[in-house]
Amino acid sequence: MADPSSYRPKPGQIPDSPGVYKFRDEHRRVIYVGKAKNLRQRLANYFQDLAGLHPRTRTMVTTAASVEWTVVSTEVEALQLEYSWIKEFDPRFNVKYRDDKSYPYLAVTLNEEFPRVQVMRGAKKKGVRYFGPYGHAWAIRETVDLMLRVFPVRTCSAGVFKNAERTGRPCLLGYIGKCSAPCVGRVSPEEHRDLAEDFCDFMAGRTGTYIRRLEKDMMQAAEEMEYERAARLRDDAEALKRAMEKSAVVLADATDADLIAVAEDELEAAVQIFHVRGGRVRGQRGWVTDKVEAVDTAGLVEHALQQLYGEESGDAVPKEVLVPALPEDPEAVSQWLADRRGSQVSLRIPQRGDKKDLMITVQRNAQQALGLHKTKRASDLTTRSRALEEIAEALGLDTAPLRVECFDISHLQGDDVVASMVVFEDGLARKSEYRRFQIKGFEGQDDVRSMHEVIGRRFKRYLQEKERTGEWEETPAPTGPVPAPTDPVAAPAGSLPVTADQAVTPPTGPVPATADAVSTPTGPVPTTADAVPAPVGPVPAPDEAAPAEQPAAARDEPREDDGRPKRFAYPPQLVVVDGGQPQVAAAKRALDELGIDDIAVCGLAKRLEEVWLPDDDDPVILPRSSEGLYLLQRIRDEAHRFAITYQRAKRAKRIRSSPLDDVAGLGETRKQALIKHFGSVKKLRQATIEEICEVPGIGRRTAESVAAALAAAAPAAPAVNTATGEIIEEDDGGSRT
């Protein structure tokens, strides 16, 4: 525990300007981010007598080892920078709202030639109009089903749409009048887009125009004695009214507003948001957070506004935001919201009338959400605690394994061999810590060698992090030759075994840095070896992390510590492998070679759900009703799911690959131009360089590269569809179909 006086800035060093500050711990990780109108006054509050600080603030300042700040021009800039840093560094002492699910939206893809109405979740896409969020996806589908009678917009997927175009026959919705069937040309693209825009207008609250128009057409049809058409228009108007009834009018002045309410106790807080558009409740969502910092209702409201509108712009930010308490600097927050919307935003507390009544309803929802969360959490926490205690007792551990990592190997008959690592903390999945590996140390199918390689790579990186932060002291380099491996599993073909000394001792001569894992779900993040060079011999690395594409100097230079959470910085208390005694022995051997003896290892065999321990001839049998066994099964199944998903993605990518992908400087546009000109890769392979040069945009040097790449890629023997006996030819993109 650090003494705050040891890193307190000297008097006069801190400016009295607005700015953003961050506290770092002894490992340079950012643990708290805050903003202030006056940095000097705000930071002085953290360095007073510890007895006068809030318990959570006291814990934060004693965990920290340094404080830094950045001066900005205005409070609005401070608000934006604070939000950006919290999102980037994920500080452990900042309030972070946990969204218990991904809320569904009703989306209209106006960025497509034929806009589509569908249910969408996750990150919002440019050019898509969103309505919601809704509590349940079925509520969206019921509303859409009613509205398709009047606005027959396309709802089918791209595959169904293309199939209908090819066959000239619409889907079922086209036959029953709930789709205008643009796939077969019943309406033009312009007419279909008009339908989609009318759909959006109705959903945005401009409902009266369409209902009045339908009723007028109904009366006219009745006067002309077109009774069937009049009946159909009557039903259409009733369908729109029923759709409107699903969102009752709550504000008579047709206001666009978001209402935010907070329910809290000493430890947790729940936030509920009602989205009102055109006077009707169009969506509802909620978050729950642990109060890890000393924060009042105003602070919780400010954090909620940052999370709610931090990535939004335009009409997604309403004209009016109603809150139970104003933030510390309401003018700055209002200006920040106005900048995101592009026009004035009113941030205020409702005092009377319909808005006050609706705020009471939102507040009641927040209180119920907090009560339900605490009830569920108490039940879940008891079950998870019992499961971890049962695992510790069965495996002979001193304490319950609060962090468990599970590894699994996946392949298809020895091809595309990959591995996964999933992390469970306190019995819950921590998906941001998941990692995946590609096996390159050898070819073929060998789960035991694969497990040995993956465990070694993961914990070699852990030792590197410990050495970089000063928690691990180097061992003197061994003298003499490296002993030959005695176990074929421990020595992949073409490399020497990695010993504990080699894991932390630089070999002689320059050794290129390697990347051991691929970060998910946000995409690959190449990394380099920070303080510990790679061991002697080739060390495999996934194809997603591509150190070869970086300059050599950049690869060999250690990265500056930026405070972000490191990928392999935290060790588990328990390593679980998917498999039996051989896989467990391989994992234990990999840890022994690295000199790690404080991490427990076990394996879970699928057939009889037996738990295997290293050096034990007999498995541990947990009762079938055991919560510990159930937790191990969930962890193992999650690792299997993560591994097989990665393996299938790699296999699909390999199957779809084309020889043209290897031509340097040949982009997708020119690749398609070549295929369009010649008709197929097979015909392109038979063309001369002069014929290739005739394609617009293809010069002679590129033509020579194309010809060389196609000549080097010898065509494989034709594949046969075993179900039909047909020969599978190459399609226009060079992949087999």
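Treat the numbers as computed from the prediction; the structure is a model and nothing was measured. (Residues numbered from 1 in each chain as written. Predicted model: local features only at pLDDT ≥ 70, side-chain atom pairs only at ≥ 80, totals over all residues. Heavy atoms only, no water.)

1. Let's talk about the nonpolar core
F407, F437, V454, I455, F459, V575 and I596 are the most contacted members of the largest nonpolar core, which has 28 residues in total. Elements with a contribution of two residues or more to this core: strand 12 (403-412), strand 13 (415-425), helix 13 (447-468), strand 17 (574-578), helix 16 (581-593) and strand 18 (600-605). In terms of residues, this core owes the most to one element, helix 13, which gives six residues. Of all hydrophobic cores here, the second largest spans 27 residues; its members include L195, A196, M218 and A221. (Core = buried A, V, L, I, M, F, W, Y, C linked by side-chain atoms within 4.5 Å. Buried < 20%, exposed > 50% of the residue type's maximum accessible area, 1.4 Å probe, protein only. Helix = DSSP H or I, 4+ residues; strand = E, 2+ residues; numbered from the N terminus.)

2. Remarks on the packing of aromatic side chains
Within this structure, the stated rule accounts for 13 aromatic pairs. For the ring pair Y21 and Y32, a centre distance of 6.3 Å and an interplane angle of 40° mean the geometry is tilted. Of this pair, Y21 sits in strand 1 (residues 19-24) while Y32 sits in strand 2 (residues 30-36); the two residues are 11 residues apart in sequence, bridging distant segments of the chain. The two residues Y21 and Y32 agree in class, both being buried. Cluster of aromatic residues (ring-pair linked, three or more members): Y7, Y21, F23, Y32, Y46 and F47. (Phe/Tyr/Trp six-rings, centres within 6.5 Å; stacked < 30°, edge-to-face > 60°.)

3. Here we look at a nonpolar patch on the surface
Residues L172, Y175 and I176 make up a contiguous nonpolar surface patch of roughly 360 Å² in combined accessible area. The residue I176 is located in the loop between helix 6 (172-175) and helix 7 (189-203) in this model. (Patch = residues over 30% accessible without salt bridge, like charges linked within 9 Å, V, L, I, M, F, W, Y side chains within 5 Å. Areas by Shrake-Rupley, 256 points an atom, 1.4 Å probe, with all protein chains shown as cover. Salt bridge = Lys/Arg side-chain N within 4 Å of Asp/Glu carboxyl O.)

4. A closer look at the sheet that holds strand 4 (residues 105-108)
Neighbouring strands of a sheet are bound in pairs by backbone hydrogen bonds; such pairs are parallel or else antiparallel. Pairing is antiparallel across the open sheet formed by three strands, whose spatial order is 5-4-6. Each edge of the open sheet carries a strand with a single partner, namely strand 5 (117-120) and strand 6 (129-131). Direction aside, the axes of adjacent strands within the sheet are offset by 30° on average. (Pairing = 2+ DSSP bridges. Axes fitted to C-alpha atoms, helices over the stretch in contact; angles between N-to-C directions.)

5. Looking at helix 16
Structurally, the α-helix is built with 3.6 residues per turn, so residues lying three or four positions apart point the same way. Taking 1.5 Å of rise per residue, 13 residues should cover 18 Å, and helix 16 covers 18 Å from first to last C-alpha, within 8% of that figure. Burial in helix 16 covers these residues: Q583, V584, A586, A587, A590, L591 and E593. Note on helix 16: the residue one or two positions beyond its end, G595, has a positive phi of about 75°. (Expected span 1.5 Å × (residues − 1).)

6. Description of helix 3 (residues 75-89)
Counted at 1.5 Å a residue, the expected span for helix 3 with its 15 residues is 21 Å, and the 21 Å between its end C-alpha atoms agrees. The complete set of buried residues in helix 3 reads V76, A78, L79, E82, Y83, W85, I86 and F89.

7. Describing unusual backbone geometry
With a phi angle near 60°, M225 is a residue other than glycine that sits in the positive phi range. As for its position among the elements, M225 is in the loop between helix 8 (208-223) and helix 9 (227-245). Judged by relative accessible area, M225 falls into the exposed class, the value being 60%. The backbone phi angle of D615 is positive, close to 65°, even though this residue is not glycine. A residue is classified by how much of its surface remains accessible, and D615, at 75% relative accessible area, is exposed.

8. Observations concerning the sheet that holds strand 7 (residues 257-264)
Sheet architecture is open: five strands sit in the order 9-8-7-10-11, paired in mixed fashion. Edge positions in the open sheet fall to strand 9 (280-290) and strand 11 (346-348), since each of these has one partner strand only. On average, each strand axis in the sheet is tilted by 15° relative to the strand beside it, whichever way the strands run. Where strand 7 lies against strand 8 (residues 268-277), eight bridges are found, and the strand directions are antiparallel. Its bridge partner being in strand 8, A261 is matched across the sheet by Q272.

9. With respect to the packing of helix 13 against helix 16
At a minimum axis distance of 8 Å, the contact between helix 13 and helix 16 shows a crossing angle of 35°. Viewed along their axes, helix 13 and helix 16 form a crossing whose handedness is right-handed. The segment helix 13 lies against helix 16, with D447, V448, M451, H452, I455, G456 and F459 engaging P582, Q583, A586, A587, R589, A590, L591 and E593. (Left-handed = near helix turned anticlockwise from the far one by under 90°. Contact = heavy atoms within 4.5 Å.)

10. A short note on the confidence of the model for the chain
In this model, the chain carries a mean pLDDT of 76, and residues with pLDDT of at least 70 account for 78%. The secondary-structure element of the chain with the lowest mean pLDDT is helix 15 (residues 552-556), recorded at 36, while strand 17 shows the highest, at 92. The low-confidence segment residues 719-723, where pLDDT is below 50, has nine contacts with residues more than four positions distant or belonging to other chains. Confidence drops under pLDDT 50 across residues 730-737; counting only partners more than four residues distant or on other chains, this segment forms 28 contacts. (pLDDT = per-residue confidence, 0-100.)

11. A short note on the pattern of salt bridges
For the structure on display, the rule yields 27 salt bridges. K355 is paired through a salt bridge with E320; the nearest N and O atoms lie 3.1 Å apart. In this pair, K355 sits in helix 12 (residues 353-395) while E320 sits in strand 10 (residues 320-322), placing the two residues 35 residues apart along the sequence. Among the residues examined, K355 registers a relative accessible area of 14% and is labelled buried. Relative accessible area serves as the criterion here: at 10%, E320 is assigned to the buried category. Through salt bridges with shared partners, a single network forms among R403, E405, E425, R430, E433 and R458.

12. Some thoughts on the pairing of strand 8
Look at any regular strand and the pattern is simple: side chains alternate between the two faces of the sheet. Burial of strand 8 is extensive: 10 of the 10 residues sit out of reach of the surface. The turn linking strand 7 back onto strand 8 is made up of three residues. Pairing geometry for strand 8 and strand 9, over 10 bridges, is antiparallel. Each bridged residue has a counterpart across the sheet, and for R277 the counterpart in strand 9 is R280. The loop that links strand 8 with its antiparallel partner strand 9 comprises two residues; one of these, G278, has a positive phi angle of about 65°.

13. Digging into the environment of G283
Relative to the helices and strands, G283 resides in strand 9. Between the alpha carbons of G283 and G132 there is a distance of 4.5 Å; along the sequence they are 151 residues apart. Apart from residues lying up to four places away in sequence, G283 is in contact with G132, P133, I273, F274 and H275.

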